[in-house]
Amino acid sequence: MAWLRKDPPGPASTGAPRDRVRAALAAPLAPLVEPMTAVRSGEWAAPLGDGLTALLTLTALKGRSYDLTYAVCCAWVPVATGSARWPRTLKQAQRHLWVDHFTIDAPERPRIITIDGDRALRRTAERTARHVLANAPAWWATVATPTGVLAEAQRQAGSGRRARSAGPRGRGYTLARLGRPEKARAALAEAVLPPDRAQHLARLDELLAQQ
């Protein structure tokens, strides 16, 4: 593939690979991230409305390469870590459903390469940024409602592999958000192991009481 082509040796690169990738992405990715809020190093967030948050995250892959993952956070799915119970702010947002380098049926995407010199880094960073600019906004539009989130999670699960999401647990909470409490309880009872089941069913009741 073209993105594996090596450039002639250039000046020695300095700095941590992740910092070099962020610098290479700054200009080509600016049209997408400038309206967003930087919530962590290499991660941006923006509200989509209806309790949903768009996320864009720089993620490390094997071989000192990187990817840009676009995702959505659902305010009705409990946070996995931290003191907050629900992701109510941009900084609390976590990935619940996403598209990355390994997502089945996702458009083919290049990796950002850091080991073949700065020219290869810039070229692959620009190519990856173009790919995300062309695909992320349209995907976010499909998951801008709870119904869209559920449909996309089911579509990914239908590929024959586990959905790139928080799993059946997230789908259970989304069913509750859509006013289907019995299906939500059944989904959580099936998805969550007994040691954690009571806690999640209690969270589900809390979510239903808020609606």
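Residues numbered from 1 in each chain as written. Predicted model: local features only at pLDDT ≥ 70, side-chain atom pairs only at ≥ 80, totals over all residues. Heavy atoms only, no water.

Asker: An account of the pattern of salt bridges is needed here, citing residue identities and associated values.
Answerer: Applying the stated criterion across every chain yields a total of 7 salt bridges. Across the salt bridge formed by R185 and E182, the nearest N and O atoms sit 3.4 Å from each other. Separated by 3 residues within a single helix, R185 and E182 lie in helix α5 (residues 181–191), roughly one turn from each other. In this structure R185 comes out as partly exposed when scored by relative accessible area, which is 30%. (Salt bridge = Lys/Arg side-chain N within 4 Å of Asp/Glu carboxyl O. Helix = DSSP H or I, 4+ residues; strand = E, 2+ residues; numbered from the N terminus. Buried < 20%, exposed > 50% of the residue type's maximum accessible area, 1.4 Å probe, protein only.)

Asker: Provide a residue-level description of the pairing of strand β4 (residues 65–74), including the pertinent values.
Answerer: Of all 10 residues making up β4, 10 are buried, and the element is well covered by its neighbours. The side-chain alternation of β4 yields two buried faces, one formed by S65, D67, T69, A71 and C73 and the other by Y66, L68, Y70, V72 and C74. Hairpin connection between strand β3 (residues 52–61) and β4: a loop of 3 residues separates the two successive antiparallel strands, and G63 in this loop has a positive phi of roughly 70°. Where β4 lies against strand β6 (residues 112–113), 2 bridges are found, and the strand directions are antiparallel. Bridge assignment links S65 to a residue of β6, and that residue is I113. (Pairing = 2+ DSSP bridges.)

Asker: Residue-level account of the nonpolar core, with values.
Answerer: Soluble globular proteins tend to bury their nonpolar side chains together. Counting residues in hydrophobic clusters, the biggest one holds 45 residues, and the most contacted among them are L25, L29, L56 and W140. For this core, the element with the highest residue contribution is helix α2 (residues 118–142), accounting for 7 residues. Discounting residues that sit within four places of it in the chain, L29 has contacts with W44, L56, L68 and A129. Counting residues in hydrophobic clusters, the runner-up holds 7 residues, among them V39, A45, A71 and C73. (Core = buried A, V, L, I, M, F, W, Y, C linked by side-chain atoms within 4.5 Å. Contact = heavy atoms within 4.5 Å.)

Asker: Break down the side chain of E43 for me, with residues and values.
Answerer: Relative to the helices and strands, E43 is located in strand β2 (residues 43–49). When sequence neighbours within four positions are dropped, the list of residues in contact with E43 reads T37, A38, L55, L56 and T57.

Asker: I'd like a description of unusual backbone geometry, backed by residues and values.
Answerer: Here the phi dihedral of D50 falls at roughly 60°; this positive angle occurs in a residue that is not glycine. Structurally, D50 is set in the loop between β2 and β3. Look at R64: it is not a glycine, yet its phi comes out positive at around 55°. You can see R64 is positioned in the loop between β3 and β4. Of the residues examined, R64 reaches a relative accessible area of 55% and is grouped as exposed.

So, to be careful, I would describe these as geometric facts and stop short of saying anything about function.
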